[in-house]
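# Descriptive analysis of the structure
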Amino acid sequence: MEQIDSLLEYKAIWIVSVAITLLVLERIFPKARPLAGARLRTLGQNVMRLAKNFGLVLLNAGLSPLLVIPISAMAATHALGWRPEWWTGGAGLIADLIILDCWIYWWHRANHELPFLWRFHEIHHLDEFLDASSALRFHFGEVAISAVVRAGVIWLLDVPLSSVVVFEICVLTMALFHHSNVAFPVWFERPLSKVLVTPSIHWVHHHAIRADTDSNYANIMSVWDIVFGSRSATRRWRDMPIGVERRHDESLIGLLTRPFRYR
Ligand SMILES: [Zn+2]
């Protein structure tokens, strides 16, 4: 448990450092221009957007030690216990990361295809601009439901808690990276996108055209969308409209209550 505590401490320091670095970089070297968007036209609207995203991030940061970590720890300690000796150590960790990355692909896809899950996941997509803050903007309901489902996977596959924490570090780092608005050079991003999900792939997932929203689901490795036939042919362009087709972003209270409202 001591090892897990220091891993969690490392995770918090690492994620905050990556988030701050990207938030600064994307303001110095931005690709898309926030004020060029049809929906976010004034500086005030942009400041309000950031405040709203950080409000949702803070709620989720509070939920993590209360629910996400305890439920994952419980699933790992009560797991089925069938894991063979060879499925441990460094190679075991790599195998766990690949399996969990494949699981998160299908879980993300389910969040788009099942209307009940989309009610919560839509809050993430209603953001009308993308930057590192979008990576952590989720409804607490989605965070809670996904923690419960993930606990089932951990329990079933007997995944050690250390693998779960390393996976979370990778998922959050990649999410911060591929939502960010940093103008990465083409020579860096193009070859990288063959292996990992880069902003050029993930921004298309946030294009305010439903066919593109329902594509490019991968989180860490970009290969899943090719393997499972969900890669969009659309290429990201500088000021592409971001959000959900025929929907608009809401206030913080509006976003928190939206999944429970009758539509
Ligand atoms: Zn999505």
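Note: the structure precedes this text.
Below or above, wherever it landed, is the structure these notes cover. Within every chain, residues take consecutive numbers counted from 1 along the sequence as written. Under the rules for a predicted model, residues below a pLDDT of 70 receive no local features and side-chain atom pairs below 80 are neither given nor counted, while totals for whole chains, interfaces and linings still include all residues. The basis for the side-chain values is all heavy atoms of the structure; hydrogens and waters are excluded.

Let's shift gears to the overall build of the protein. Within the protein, the regular secondary structure consists of 11 helices and 0 strands. Secondary structure elements are taken from DSSP: a helix is a run of H or I of four residues or more, a strand is a run of E of two residues or more, and numbering for both begins at the N terminus. N-terminal to C-terminal, the α/β element order of the protein is α-α-α-α-α-α-α-α-α-α-α. The C-alpha atoms of the protein give 18 Å as radius of gyration, which agrees with the globular expectation for 263 residues (18 Å, within 12%). Taken along the three principal axes of its C-alpha coordinates, the protein extends 55 × 45 × 35 Å. Using C-alpha atoms as the atom set, the radius of gyration is obtained and then compared with a globule rule of 2.2 Å times the number of residues to the power 0.38.

Let us look at the packing of helix α2 (residues 43-77) against helix α5 (residues 140-157). Each packed pair of helices is defined by two parameters, the angle between the axes and the distance between the axes. Packing of α2 against α5 brings their axes to within 8 Å, and their N-to-C directions diverge by 15 degrees. Classified by the angle their axes make, α2 and α5 are roughly parallel. Handedness of the α2/α5 crossing: right-handed. Residue-level inspection shows N60, L63, L67, V68, I71, S72, A75 and A76 of α2 in contact with α5, the latter providing F140, V143, A144, A147, V148, R150, A151, I154 and W155. Axis lines are fitted to C-alpha atoms, over the contacting stretch for helices. Their N-to-C directions set the angle, which ranges from 0 to 180 degrees. Under this scheme an angle from 65 to 115 degrees is roughly perpendicular, one under 35 degrees roughly parallel, and one over 145 degrees roughly antiparallel; angles in between are oblique. Should the near helix be turned anticlockwise from the far one by less than a right angle, the crossing is termed left-handed; should it be turned clockwise, right-handed. By definition in these notes, contact holds between two residues if any of their heavy atoms fall within 4.5 Å.

Moving on, we get to the environment of A132. Note on placement: A132 falls in the loop between α4 (115-125) and α5. Only protein chains enter the accessibility calculation, which uses a 1.4 Å probe; a residue is then buried when its area is under 20% of its type maximum, exposed when over 50%, and partly exposed in between. Note on A132: relative accessible area 1%, which makes it buried. A132 has contacts with A19, L22, L23, E26, L176, H179 and S180, leaving out every residue within four places of it along the chain.

Running from amino to carboxyl end, helix α3 (residues 89-113) crosses helix α6 (residues 161-179) at an angle of 55 degrees, the nearest separation of the two axes being 10 Å. Classified by the angle between their axes, α3 and α6 sit oblique to one another. Handedness of the α3/α6 crossing: right-handed. Contacts between α3 and α6 involve L93, D96, L97, L100, D101 and I104 on the former and, on the latter, S163, V166, F167 and V171. Any residue outside Ala, Val, Leu, Ile, Met, Phe, Trp, Tyr, Cys, Pro, Asp, Glu, Lys and Arg is labelled polar, Gly included; the first ten of those are nonpolar and the last four are charged. Considered class by class, the residues forming the contact of α3 with α6 number 7 nonpolar, 1 polar and 2 charged.

A few words on the coordination of the zinc ion. Protein coordination at the zinc ion: the donors are H108 (NE2), H112 (NE2), H121 (NE2), H125 (NE2) and H205 (NE2), at 2.2 Å from the metal. Read in sequence order, the donor residues for the zinc ion give the motif H-x3-H-x8-H-x3-H-x79-H. Linking H121 with H125, this pair stays in helix α4, spanning 4 residues, or about one helical turn. A single burial state applies to H121 and to H125, both of which are buried. The donor definition counts N, O and S atoms within 2.8 Å of each metal and applies 3.2 Å to Na, K and Ca; water is not among these atoms, so some sites may look incomplete.

Looking now at a nonpolar patch on the surface. A surface patch of nonpolar side chains, about 480 Å² in accessible area, is lined by V16, I20, V24, I28 and F29. With respect to the helices and strands, the residue I28 is situated in helix α1 (residues 2-28). Patches here are clusters of residues that have more than 30% relative accessible area and form no salt bridge, with a 9 Å joining cutoff for like charges and a 5 Å cutoff for nonpolar side chains (Val, Leu, Ile, Met, Phe, Trp, Tyr). The method behind every accessible area is Shrake-Rupley, applied with a 1.4 Å probe, and residues are considered shielded solely by the protein chains displayed. One speaks of a salt bridge when a side-chain nitrogen belonging to Lys or Arg is within 4 Å of a carboxyl oxygen belonging to Asp or Glu.

Considering all chains together, one arrives at 18 salt bridges under this definition. In this structure, E113 engages R109 in a salt bridge whose closest nitrogen and oxygen atoms are separated by 3.1 Å. Of the two residues, E113 and R109 are both situated in helix α3; the distance of 4 residues between them amounts to about one turn of the helix. A relative accessible area of 16% places R109 in the buried class. For the salt bridge of D127 with R137, the shortest nitrogen-to-oxygen distance reads 3.7 Å. Of this pair, D127 sits in the loop between α4 and α5 while R137 sits in the loop between α4 and α5, and the two are 10 residues apart along the sequence. Looking at R137, the relative accessible area reads 0%, which means it is buried.

To continue, consider the environment of S230. Turning to its location among the elements, S230 is positioned in the loop between α10 (223-227) and α11 (252-257). By relative accessible area, S230 is classed as buried at 7%. For the pair S230 and F260, spaced 30 residues apart in the sequence, the C-alpha separation amounts to 29 Å.

Moving on to unusual backbone geometry. With the exception of glycine, most residues fall at negative phi, and the peptide bonds are largely trans. For D158, which is not a glycine, the phi torsion comes out positive at approximately 60 degrees. Relative to the elements of secondary structure, D158 occurs in the loop between α5 and α6.

The next point concerns the state of the cysteines. Two cysteine sulfurs form a disulfide in these notes if their separation is within 2.5 Å. In total, this model carries 0 disulfides according to the counting rule given. Among the cysteines around C102, which has no disulfide bond, C170 carries the closest sulfur, lying 16 Å off.

Moving on, we come to the nonpolar core. Buried Ala, Val, Leu, Ile, Met, Phe, Trp, Tyr and Cys residues form a nonpolar core when they are joined through side-chain atoms within 4.5 Å. With 39 residues, the main nonpolar core has L22, I154, L161, F167 and L176 as its most contacted residues. Of all the secondary structure elements, the ones that give two or more residues to this core are α1, α2, α3, α5 and α6. The dominant element in this core, judged by the number of residues it contributes, is α6, at 8 residues. Excluding anything up to four places from it in sequence, I154 contacts S72, A75, A76, A79, V159 and V164.

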